[in-house]
Amino acid sequence: MATNLLKISTTFYTLLSFFILFLSPSLEAFSFSPNTTCNLTPYPTFCKTTMPSQYSSIHDQCNFFLIQSLSITKTIIQEVSSYLRDQSYIPLSTTHALEDCLYLAQLNIDFLSNVLQAIENTVISYQAYNFQTILGAILTNQNTCLDGFHEVAPYPRITTPLSNPLSEGIKLYSIALALFTHGYVSDDATGKLTFNNNNKLLQKISIVDNVMVRQKVVVNLDGSGNFTTINDAVDAAPNNTGTNNGYYVIYVVTGVYNEYVSIPKSKQNVMIIGDGINCTVITGNRSVVDGWTTFQSATFAVVGEGFVAVNISFRNTAGSNKHQAVAVRNGADMSTFYNCNFEGYQDTLYTHSFRQFYKNCNIYGTIDFIFGNSAAVFQDCYIYPRLPMRNQFNAITAQGRTDPNQNTGISIQNCYIVASYELGDATNNYNKMKTYLGRPWKEYSRTVYMETFIDKLIDPKGWMEWSGNFGLSTLYYAEFSNWGPGSNTSKRVTWEGYHLINGNDAHSFTVYKFIRGDRWLPRTGVPFKAGLH
């Protein structure tokens with residue numbers, strides 16, 4: 001009898017522990033053994049063998065893995081730097097991949113140091129969401145480093161010794177993200193949502209009002225402005241100003257600017273304003289075929305927080321036969337593009353990481369032409385699939401979420417999916433080219449189309465496989481309240497990860513909920529809709 005009572009008691013407390021573990025929004029008030037909390041992570045075995053047993057609180061356990069993450073990142077920097085010191089024997093494409101890894105690891109050092117310093121104090125709910133975003137971006141940076149080596153010709157002399165620290169970094173970053181998510185992040189980070197009488201959000205702001213400008217400079221090719229190149233204007237911006245002290249505005253006069261623009265992490269709150277689409281043009285032609293990594297092929301790249309672009313065309317003119325060729329790579333948190341064109345073929349817009357918003361933009365491309373692992377919302381945009389090469393197809397999105405704890409994905413709201421003029425129309429059957437809403441670049445790929453016009457060019461199945469069954473049960477693809485001849489879902493894919501969702505679920509992918517845009521978009525002056533239409 002005593003034995004039975006003991007068994008019942010043990011079972012009860014085991015079930016209670018798991019009930020608290022999986023249903024509590026935050027585990028900070030509870031203590032669990034590493035064996036228990038490690039089961040919350042994607043790498044439970046590695047977690048259990050790495051974590052010392054003395055850490056009983058999930059906060060202490062998370063802190064331990066953040067410190068280990070910082071340590072492995074320093075190791076990666078040392079090893080990559082040692083190869084780059086003597087490049088004479090290294091193929092150029094491999095050198096580019098190493099440069100990506102070094103650059104991204106250096107970003108990760110800053111991000112990890114900032115999170116470790118911040119969690120020494122009390123973390124409120126919105127801060128927790130911000131830090132979860134940063135930790136997710138750290139993991140994305142590491143995966144981008146690995147992707148670069150997959151794009152170039154194999155060079156085992158470098159890739160073999162680097163494989164251990166790089167793969168260990170992935171595990172450490174993922175475990176730290178999982179423990180942080182379960183230990184700090186709750187569902188109340190957005191606060192209270194206010195509706196008007198029509199139960200729709202009132203949030204419309206003019207670009208010319210309520211924008212704080214710290215300094216304004218002019219770029220003009222004819223020499224009549226402050227600068228003749230955009231890069232020179234960016235270099236002149238003050239460093240590390242934060243995002244609450246007004247914008248450094250760069251007005252770029254009409255012209256075609258043949259330059260590769262990079263806005264680094266130290267240049268925050270930069271706003272670039274052009275004279276309009278097809279008037280102010282930034283163009284380049286780098287591609288993977290010509291030896292660049294996808295990451296480095298971008299004509300325009302930005303990581304400086306709080307970036308805004310208005311009235312500009314961004315182009316990569318490499319052409320469809322050059323495969324991956326990026327027009328814009330965006331890794332800037334709380335970044336905004338308004339009234340902009342993105343023109344390319346494969347991999348046009350690289351929404352790399354962090355929170356992003358696109359309003360009234362036009363995006364042109366063929367294969368995976370909106371891709372990456374940010375949390376990105378597109379509103380009132382026109383998305384134009386172009387004519388791909390023979391025997392190819394169009395896939396609009398290729399979202400790159402690699403971890404279930406990353407708060408990332410692509411949300412396409414109130415947009416228009418229509419064929420470009422070169423693809424043709426229904427009368428010529430779109431040149432017999434198939435076009436899909438997306439395909440899963442990574443295992444936990446997440447994309448939602450809602451309240452969007454979808455023309456007949458979209459194949460009835462809607463979505464395309466990446467490779468066999470890869471990701472079909474772990475991805476999250478969804479549609480809500482779309483319209484147009486291509487929006488009929490009766491013949492859509494039947495994958496486990498595909499969903500037809502209701503308004504409550506769709507709300508999770510709005511500006512308000514998905515990117516917390518109501519907190520940072522007002523200062524940009526860009527109009528936005530915070531909720532559903």
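Here the structure is a predicted model, which means the values were calculated and not measured. (Residues numbered from 1 in each chain as written. Predicted model: local features only at pLDDT ≥ 70, side-chain atom pairs only at ≥ 80, totals over all residues. Heavy atoms only, no water.)

Caption draft 1: How the structure looks around the nonpolar core. By size, the foremost hydrophobic cluster in this structure holds 63 residues, and its most contacted members are Phe-65, Leu-66, Leu-98 and Phe-180. Elements with a contribution of two residues or more to this core: α3 (44-50), α4 (58-84), α5 (92-118), α6 (125-151) and α7 (156-184). Looking at which domains feed residues into this core, each of domain 1 (34-189) and domain 2 (215-524) supplies at least three. Excluding residues that lie within four positions of it along the chain, Leu-66 makes contacts with Leu-112, Val-115, Leu-116, Ile-119, Leu-135 and Ala-176. (Core = buried A, V, L, I, M, F, W, Y, C linked by side-chain atoms within 4.5 Å. Buried < 20%, exposed > 50% of the residue type's maximum accessible area, 1.4 Å probe, protein only. Helix = DSSP H or I, 4+ residues; strand = E, 2+ residues; numbered from the N terminus. Domains from an automatic or database assignment. Contact = heavy atoms within 4.5 Å.)

Caption draft 2: Summary view of the side chain of Gln-406. Along the chain, Gln-406 falls in the loop between β19 (394-399) and β20 (409-413). The buried category is assigned to Gln-406, whose relative accessible area is 1%. From its side chain, Gln-406 meets the backbone oxygen of Gly-136 in a polar contact 2.9 Å long. Filtering out sequence-adjacent residues up to four positions away, Gln-406 remains in contact with Gly-136, Leu-139, Thr-140, Leu-177, Asn-373, Arg-401 and Arg-446. (Polar contact = N/O pair within 3.5 Å; in protein donor to acceptor, adjacent residues only side chain to side chain.)

Caption draft 3: Spatial organisation of the sheet that holds strand β5 (residues 270-273). Strand order across the open sheet formed by 11 strands is β1-β2-β5-β8-β11-β14-β17-β20-β23-β25-β26, with parallel pairing between neighbours. At either end of the open sheet lies a strand with only one pairing partner, and these are β1 (213-219) and β26 (498-500). This sheet shows a mean twist of 10° between the axes of neighbouring strands, independent of strand direction. Note: strand β23 (residues 446-450) against strand β25 (residues 476-480), 5 bridges, orientation parallel. If you follow Val-448 over to β25, its bridge partner there is Ala-478. (Pairing = 2+ DSSP bridges. Axes fitted to C-alpha atoms, helices over the stretch in contact; angles between N-to-C directions.)

Caption draft 4: Structural detail: the sheet that holds strand β22 (residues 435-438). Taken in spatial order, the 7 strands of this open sheet run β4-β7-β10-β13-β16-β19-β22, and their pairing is parallel. Each edge of the open sheet carries a strand with a single partner, namely β4 (261-263) and β22. Mean inter-strand twist for the sheet, computed between neighbouring axes without regard to direction, equals 10°. Here strand β7 (residues 300-302) runs beside strand β10 (residues 328-330); their pairing, made up of 3 bridges, is parallel.

Caption draft 5: View of the state of the cysteines. Under the definition given, this model contains 2 disulfides. The disulfide partner of Cys-38 is Cys-47, and the S-S distance across this bridge is 2.0 Å. Disulfide Cys-38 to Cys-47: torsion about the S-S bond roughly -65°, handedness left-handed. Per residue, the accessibility class of Cys-38 equals that of Cys-47, and both read buried. Bridging Cys-101 to Cys-145, the disulfide has an S-S length of 1.9 Å. An S-S torsion of about 90° defines the bridge between Cys-101 and Cys-145 as right-handed. Of the two residues, Cys-101 sits in helix α5 while Cys-145 sits in helix α6, which places them 44 residues apart along the sequence. In this structure Cys-340 is not part of a disulfide, and its nearest cysteine sulfur, from Cys-361, lies 4.9 Å away. (Disulfide = S-S within 2.5 Å.)

Caption draft 6: Inspection of the packing of aromatic side chains at higher detail. This model, assessed by the stated rule, comprises 32 aromatic pairs. Centroid distance Phe-371 to Trp-441: 5.7 Å. Interplanar angle 65°. Geometry classified as edge-to-face. Of this pair, Phe-371 sits in strand β16 (residues 367-372) while Trp-441 sits in the loop between β22 and β23, placing them 70 residues apart in sequence. Aromatic pair Phe-509 and Phe-514: ring centres 5.4 Å apart, planes at 55°, arrangement tilted. Note on Phe-514: relative accessible area 6%, which makes it buried. Pairwise contacts between aromatic rings join Phe-300, Phe-307, Phe-314, Phe-337, Phe-342, Tyr-358 and Phe-378 into one cluster. The positively charged end of Arg-286 is found above the aromatic ring belonging to Tyr-260, 3.9 Å away from the centroid. One cation-aromatic arrangement involves Arg-439 over Trp-466; the distance from NZ or CZ to the ring centre is 4.0 Å. (Phe/Tyr/Trp six-rings, centres within 6.5 Å; stacked < 30°, edge-to-face > 60°. Lys NZ or Arg CZ within 6 Å of the ring centre and 35° of its normal.)

Caption draft 7: The packing of α5 against α7, seen in detail. The N-to-C vectors of α5 and α7 enclose an angle of 30°; their axes lie 13 Å apart at closest approach. Of the possible angle classes, the one that applies to α5 and α7 is roughly parallel. In terms of crossing hand, the pair formed by α5 and α7 is left-handed. Of the residues in α7, those touching α5 at Thr-94, Leu-98, Asn-108 and Leu-112 are Ile-158, Leu-162 and Tyr-173. (Parallel < 35°, antiparallel > 145°, perpendicular 65-115°, else oblique. Left-handed = near helix turned anticlockwise from the far one by under 90°.)

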